[in-house]
Amino acid sequence: MRPRESVCMRPFGGSVGGMALRPPSAALLSDLAAALGPRGFSSDPNDMKPWLTDWRGRYQGAAAALLSPATAEEVRTIVARCASERVGLVPQGGNTSMVGGATPEADGRSLLLSTRRLNRIRSLSQDENALVAEAGVILTQVHEAAEQAGRRFPLSLGAKGSATVGGLVSTNAGGTQVLRFGPMRSLVLGIEAVLPDGSLYSGLSALRKDNRGYDLKQLLIGGEGTLGIVTAASLKLVPAPGSRAVAWVGIASPADALRLLRWLEGRLGESVEAFELVPREVLVSVLHHIPGVRAPLAELHAWNVLIELVSPGSGSEADALISEALAEALDSGLALDAMLAASEAQAQGLWRIRESIAEAERLEGPSVKHDISVPVSRLPEFMDKARAAIERGFPGTRIVAFGHLGDGNLHYNVLPPEDGDAAAWISVNGGKMTALVHDLVTSEGGSISAEHGIGQHKIGELMRTADPALLAAQAAIKKALDPAGIMNPHKLFT
Ligand code: FAD
Ligand code: S2G
Ligand code: ZN
């Protein structure tokens, strides 16, 4: 493997082969205003303001104008003009990116392209088990449309009320059902997208098999808006469940949680769809910050798992299956305590705890956040090693690790020492902390970005830790498809 320093990562966002991006000319702006109309074009700072900061409030961007095309053709018009004038475009859906991926640079040279008006569900076929949604359709709208048709779109996450189809595709989003159905990469059947030269790629077919060469769809999935603008996607649906059971279990350790997962899968097979690890300190934070949530068990156990089980059988079949299994787990001492949601409202109450963690964290204050994955079987040992190294190197810090245990994916966040200025501590120590965590993850064969992507937040760490051959191949793909570097400048690439 070539030594790391040999990777030539020519800056793409700003200059490719010496041709720097340019701010939009007055002529371009007036042409786009005429083409898009008053609902599709604004240069009013008040209109743009809400969309120029990322969800975590880390990045403050600026844009020459906010473009809101209503059709793929209007997207083509925008991209073709920006390509010819080498003007940067930042695609934005729900703006829930955790890595600043949808926030334009602060220099205001790029145009912000919102997909909000690309908001139609174009079709739903029960025979094909497929739904075609435009990029700006929100995840909950996809869930509702599928349910009305007796189907289900099996991907969910805490931002489901804001995250859009285009954003979910472009970040290869994960969430809480990856355990059974995989991330977006497994659930996208086809894509319609405007490529950086302004051409329209119409690949929306719901074909389950198509081996005509390279898979452009799979490049755009997880491409973070750097290879084109997704205008619609064909999504895979699965049958609606007959019944579902949601349980909250108190457990002694992540190692025991993993044992419980494998034991449940041995008994119940693929019906275990979600298995989310929640440590006591996270539960305490949610109970403190989020109104209307209650502790599921009498005791606040050091570790907890939220389990969702789905069964094709109707009525209380899922409840019966998981009750029997958990009774045995309690008898054996593997589970310390458990409660089974007795109603849909209780089930939603348990999920509300899990889905409110990010909001509770935001209210709790700044922390050094990591979205990591390691091989599942290595997770408990990784957690022990990381804790020991962090306690040695950064005394007084507090580790908060939660999330998608079954995928080997943890949100591994470290809070600064309680005394002193958190932001100041992070500005001095955050980079060293992240390097320690990411080096440990890399040494375990893991990833420094399990599901949130790279955006602008992790470019440095990607360059520092990724395989040079991979980086060089990715740069070559970017240069081939977007030679002028107009697509989402300074994201994923410098
Ligand atoms: P945006 O934030 O608008 O954009 C995300 C990226 O996609 C940017 O790079 C943007 O340029 C690009 N993009 C957006 N639309 C398009 C398009 N049409 N064409 C091309 N590029 C486009 N993520 C997970 O994976 N799992 C989780 O469990 C999870 N939980 C979350 C919980 C909360 C409370 C929050 C706030 C976020 C969470 N996220 C999670 C992160 C985020 O929701 C996902 O990354 C989501 O996919 C972003 O969708 P979005 O529409 O908000 O995209
Ligand atoms: C989750 C998003 C929030 C976070 O809740 O599963 O993906 O804090 C996360 O990282
Ligand atoms: Zn997550």
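Quick note: structure is the one above.
Residues numbered from 1 in each chain as written. Chains lettered and ligands numbered in written order. Predicted model: local features only at pLDDT ≥ 70, side-chain atom pairs only at ≥ 80, totals over all residues. Heavy atoms only, no water.

### Some thoughts on the coordination of the zinc ion (ligand 3)
Four donors placed tetrahedrally around a metal ideally meet at 109.5 degrees, and six donors placed octahedrally ideally meet at 90 or 180 degrees.
For step 1, the next point in the chain: The protein atoms donating to the zinc ion (ligand 3) are His404 (NE2), His411 (NE2) and Glu451 (OE), with metal-donor distances spanning 1.8 to 2.2 Å.
For step 2, the next point in the chain: In primary sequence terms, the donor set of the zinc ion (ligand 3) follows H-x6-H-x39-E. With histidine 411 in strand β20 (residues 409–415) and glutamate 451 in the loop between α15 (422–443) and α16 (459–465), the pair connects residues that are 40 residues apart, well separated along the chain. The pair formed by histidine 411 and glutamate 451 is uniform in burial state, with each residue classed as buried. (Donors = N, O, S within 2.8 Å, 3.2 Å for Na, K, Ca; no water. Helix = DSSP H or I, 4+ residues; strand = E, 2+ residues; numbered from the N terminus. Buried < 20%, exposed > 50% of the residue type's maximum accessible area, 1.4 Å probe, protein only.)

### Some remarks on the pattern of salt bridges
For step 1, the next point in the chain: In the structure shown here, the tally under the stated rule is 31 salt bridges.
For step 2, the next point in the chain: Salt-bridge contacts for glutamate 134 lead to arginine 122; the nearest nitrogen and oxygen are separated by 2.9 Å. Here arginine 122 lies in strand β7 (residues 121–125) and glutamate 134 lies in strand β8 (residues 130–134), a separation of 12 residues in the sequence.
For step 3, the next point in the chain: On the accessibility criterion, arginine 122 (35% relative accessible area) is partly exposed.
For step 4, the next point in the chain: The salt bridge partner of lysine 369 is glutamate 361, with a shortest N-O separation of 3.1 Å.
For step 5, the next point in the chain: Its relative accessible area of 16% is what places lysine 369 among the buried residues.
For step 6, the next point in the chain: Here glutamate 361 falls in the buried class, since its relative accessible area comes to 11%.
For step 7, the next point in the chain: Because the salt bridges share partners, they merge into one network encompassing Arg120, Arg122, Glu134 and Glu192. (Salt bridge = Lys/Arg side-chain N within 4 Å of Asp/Glu carboxyl O.)

### Quick word on the site of ligand 2
For step 1, the next point in the chain: All residues in the neighbourhood of ligand 2 are listed as Arg56, Met98, Arg354, Ala358, Glu361, Phe402, His404, His411, Glu451 and His452.
For step 2, the next point in the chain: Contact between ligand 2 and histidine 404: an oxygen atom at 3.1 Å from a side-chain N or O atom of the residue.
For step 3, the next point in the chain: Relative to its unbound accessible area of 290 Å², ligand 2 is 86% covered by the protein chains.
For step 4, the next point in the chain: Of all the secondary-structure elements, those providing two or more residues to the shell around ligand 2 are α13 (357–364) and β19 (398–404).
For step 5, the next point in the chain: Considered class by class, the residues forming the shell around ligand 2 number 3 nonpolar, 3 polar and 4 charged. (Near = heavy atom within 4 Å. Polar contact = N/O pair within 3.5 Å; in protein donor to acceptor, adjacent residues only side chain to side chain. Areas by Shrake-Rupley, 256 points an atom, 1.4 Å probe, with all protein chains shown as cover. Nonpolar A, V, L, I, M, F, W, Y, C, P; charged D, E, K, R; others polar.)

### Let's talk about empty space enclosed by the protein
For step 1, the next point in the chain: Enumeration according to the criterion identifies 1 cavity of 30 Å³ or more in this entry.
For step 2, the next point in the chain: Considering only enclosed or pocket space, the largest cavity measures out at about 30 Å³ in volume.
For step 3, the next point in the chain: Lining the largest cavity are Gly175, Thr176, Leu179, Ala274, Phe275, Glu276, His404, Gly406 and Asp407.
For step 4, the next point in the chain: When residues in the lining of the largest cavity are grouped by element, the largest group, 3 residues, is from strand β15 (residues 272–279).
For step 5, the next point in the chain: Residue composition of the lining of the largest cavity, grouped by class: 3 nonpolar, 4 polar and 2 charged. (1 Å grid on protein atoms, 1.4 Å probe; cavity = no way out; pocket = protein on both sides within 12 Å on 5 of 7 lines; lining within 4 Å. Points joined across faces, edges and corners; volume = space filled by probe spheres on them.)

### A few points about the sheet that holds strand β3 (residues 41–42)
For step 1, the next point in the chain: Taken in spatial order, the 4 strands of this open sheet run β3-β4-β6-β5, and their pairing is mixed. Every other strand in the sheet has two partners, leaving β3 and β5 (89–92) as the edge strands with one partner each.
For step 2, the next point in the chain: Bridge analysis of β3 against strand β4 (residues 66–67) gives 2 bridges, and the strand direction is antiparallel. In the sheet register, phenylalanine 41 faces β4, and the bridge partner there is leucine 67. (Pairing = 2+ DSSP bridges.)

### Points about the pairing of strand β16 (residues 303–311)
For step 1, the next point in the chain: In terms of burial, β16 is a largely internal element, 9 of the 9 residues being buried.
For step 2, the next point in the chain: On β16, burial covers both faces: Trp303, Val305, Ile307, Leu309 and Ser311 on one face and Asn304, Leu306, Glu308 and Val310 on the other are all buried.
For step 3, the next point in the chain: As paired elements, strand β14 (residues 243–251) and β16 share 9 bridges and run antiparallel to each other. Looking across to β16, one finds that valine 246 is bridged to glutamate 308.
For step 4, the next point in the chain: Of the pairings in the sheet, the one linking β15 to β16 comprises 7 bridges and is antiparallel in character. Within β16, the residue paired with proline 279 across the bridge is tryptophan 303.

### Focus: the environment of isoleucine 78
For step 1, the next point in the chain: Among the secondary structure elements, isoleucine 78 is positioned in helix α3 (residues 72–85).
For step 2, the next point in the chain: For the pair isoleucine 78 and leucine 113, spaced 35 residues apart in sequence, the C-alpha separation works out to 9.0 Å.
For step 3, the next point in the chain: Apart from the residues within four sequence positions on either side, isoleucine 78 is in contact with Leu32, Leu36, Leu67, Pro69, Leu89 and Leu113. (Contact = heavy atoms within 4.5 Å.)

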